[in-house]
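Inside the fold
Listed here are the chains, written in short residue letters.
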Amino acid sequence: MELAQYQDYEEYKKAMNTVLNRTMEDFVMTGYLLKQGRDTDILKDSGYSNVNEFAWAEYKLEATQVSRYIRINDRFSEGGYSPRLQEHYKGFGYAKLALMLTLPESVAEELTPAYSKSEIQAVKEEIENEEKITDIEVILEGEKEEQKELDNLEKAIHQICMDEPELYLKLHEAVRTSVGTGRIKEVLAPDGDKLYSVRPQGCGRIMLYLNDEKDEVILQVVRQGLKEKFAWENILSYLVLITEQEDAKQNWEELYGQKYPEKERIAPVQPKKEKRKESKVVKAKLPKPKKTQKQETEKPVELPNDIPGQTEIEKDFTEMLPEAGKTQEIQSDFIRAGQHKEENCTSAMSEHVEIVEKPVDNSEQMEENARNTEAGANSEPVDKSEEEQSPAGSRWEYMKTMELYKMALYMAASVKEMPHMMLNSAEYWKKWLEAEVDENGEELSKK
């Protein structure tokens with residue numbers, strides 16, 4: 001392989017300047033030049049000790065950016081060490097290829113420049129979601145009886161048509177009113193490229209890559225790393241088998257053993273919304289977990305009416321606290337948790353922290369005990385526990401009496417147990433600070 005030779009640092013730097021001001025695909029050349037600075041002695045007369053120092057001083061490229069340029073060159077340049085991008089990856093651009101670094105090579109090589117950055121991100125999420133599921137969990141799912149005798153392509157099409165009933169209706173009409181695969185391609189890949197991610201039960205995720213200009217379709221079983229090629233005619237052959245009846249909806253119901261899900265009709269008086277561009281990536285639909293008998297009978301957690309944005313956070317808040325009535329328990333417990341943490345943190349500190357305790361004035365108790373003694377009272381000293389539990393005032397007033405480190409511990413314990421969606425609510429914090437607490441910092445209304 002012929003490598004470019006630079007006579008001195010000035011010639012090398014000139015090439016670097018030229019590259020960074022050219023077209024967007026020159027990032028692969030940038031990675032190549034950075035690798036030259038890393039792997040050769042071209043920087044020996046520059047005054048810089050390494051390529052990261054050089055890139056930051058001259059171009060304000062951080063070490064992470066340098067690393068990314070180099071990895072893009074490693075992965076997508078010709079031969080893995082070249083100033084030229086591989087033919088397949090031309091047209092993607094820096095941002096897309098940087099994201100594709102996180103994808104398995106077997107997946108990345110099937111994508112085309114027509115995929116947007118958000119669509120590539122969706123593909124990445126599908127791969128990550130499958131990685132979270134163990135092989136044992138997949139085995140325990142068990143295959144559906146109607147899919148056991150199907151090959152991988154047939155399983156994928158069977159699942160796609162179940163997950164996308166409206167798509168099935170279009171395919172049903174296409175198969176019964178046209179000849180050949182042309183109409184099928186238009187329905188399944190209307191914009192030319194399409195990636196269907198489906199998850200047949202007991203099989204794991206299958207990705208089906210479609211391109212209307214290619215005679216072959218690519219199928220990948222993600223868990224096994226298995227990649228298979230099929231013809232469009234194979235898809236058509238299976239669709240013919242599952243579109244035998246004239247009535248498409250009835251055909252779908254008998255095929256999947258459930259009622260066809262009708263969509264709600266939009267009233268004609270409503271303005272017609274602008275049609276959104278259809279994504280090239282169809283994500284796998286997962287079955288909704290069944291509710292337990294306890295979840296079905298228990299009441300939902302009620303939120304205060306004065307929390308800003310309540311309607312937006314209600315779902316997340318309910319999921320976080322699935323057991324009704326648990327809100328009270330959590331908010332009354334986190335103060336005690338803070339006190340426990342305070343003891344542990346204080347004992348574990350490497351530096352000595354002096355904790356100043358506020359002296360307790362017992363003069364009134366002593367005077368009253370004295371009066372009781374003089375009067376010959378035989379009763380026990382007056383129990384002032386109720387007075388000791390009297391409010392210390394607002395939480396803000398209570399906190400102002402605390403040493404700084406103790407205040408930090410108190411707030412940290414509160415924040416840890418607090419629903420995360422409340423943290424940005426100024427109104428919530430205002431009410432939290434105004435709430436009356438006892439001398440231990442426990443909110444009276446929560447006791």
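The following refers to the structure shown.

Procedures and definitions
- Residues numbered from 1 in each chain as written.
- Predicted model: local features only at pLDDT ≥ 70, side-chain atom pairs only at ≥ 80, totals over all residues.
- Heavy atoms only, no water.
- Helix = DSSP H or I, 4+ residues; strand = E, 2+ residues; numbered from the N terminus.
- Buried < 20%, exposed > 50% of the residue type's maximum accessible area, 1.4 Å probe, protein only.
- Contact = heavy atoms within 4.5 Å.
- Areas by Shrake-Rupley, 256 points an atom, 1.4 Å probe, with all protein chains shown as cover.
- Pairing = 2+ DSSP bridges.
- 1 Å grid on protein atoms, 1.4 Å probe; cavity = no way out; pocket = protein on both sides within 12 Å on 5 of 7 lines; lining within 4 Å.
- Points joined across faces, edges and corners; volume = space filled by probe spheres on them.
- Salt bridge = Lys/Arg side-chain N within 4 Å of Asp/Glu carboxyl O.

On a plain count of helices and strands, the chain comes out with 21 helices and seven strands. With 447 residues in all, the chain has 38% of them scored as buried. Within the chain, contacts between residues at least 6 apart in sequence are counted, and of these 58% link residues at least 24 apart. Carbon together with sulfur atoms contributes 49% to the accessible area of the chain, which is approximately 28200 Å² in total.

Let us now look at the sheet that holds strand 1 (residues 193-198). Taken together, five strands build an open sheet; the order of strands is 4-3-2-1-5 and the sheet is mixed. A single partner strand is all that each edge strand has here, and the edge strands are strand 4 (226-231) and strand 5 (281-282). Of the strand pairs in this sheet, strand 1 and strand 5 are connected by two bridges, and their pairing is parallel. What sits directly across from L195, in strand 5, is V281.

Looking now at the layout of surface pockets. Computed from the structure, the second largest pocket encloses a volume of approximately 850 Å³. Lining the second largest pocket are 22 residues, and of these E164, E166, K170, K263 and E278 sit closest to its centre. Taken together, the elements giving at least two residues each to the lining of the second largest pocket come down to helix 10 (165-177), helix 11 (182-188), strand 1 and strand 5. Looking at which element gives the most residues to the lining of the second largest pocket, the answer is helix 10, with four residues.

What follows deals with the pattern of salt bridges. Under the counting rule described, the total for this entry stands at 24 salt bridges. A salt bridge links E58 to K13; the shortest N-O distance between them is 3.5 Å. Highlighted residues: E58 in helix 3 (residues 51-59) and K13 in helix 1 (residues 9-20), separated in sequence by 45 residues. Taking the relative accessible area as the measure of exposure, K13 reaches 19% and is therefore buried. Between R223 and D135 there is a salt bridge, and its shortest N-O distance comes to 2.6 Å. One end of the pair, R223, is in the loop between strand 3 (216-221) and strand 4; the other, D135, is in helix 8 (residues 135-141), with 88 residues separating them in the sequence. What makes D135 exposed here is its relative accessible area of 51%. In this structure, a network of salt bridges that share partners links the residues E126, E130, D135, E141, R199, R205 and R223.

Shape is all these values report; function is a separate question.
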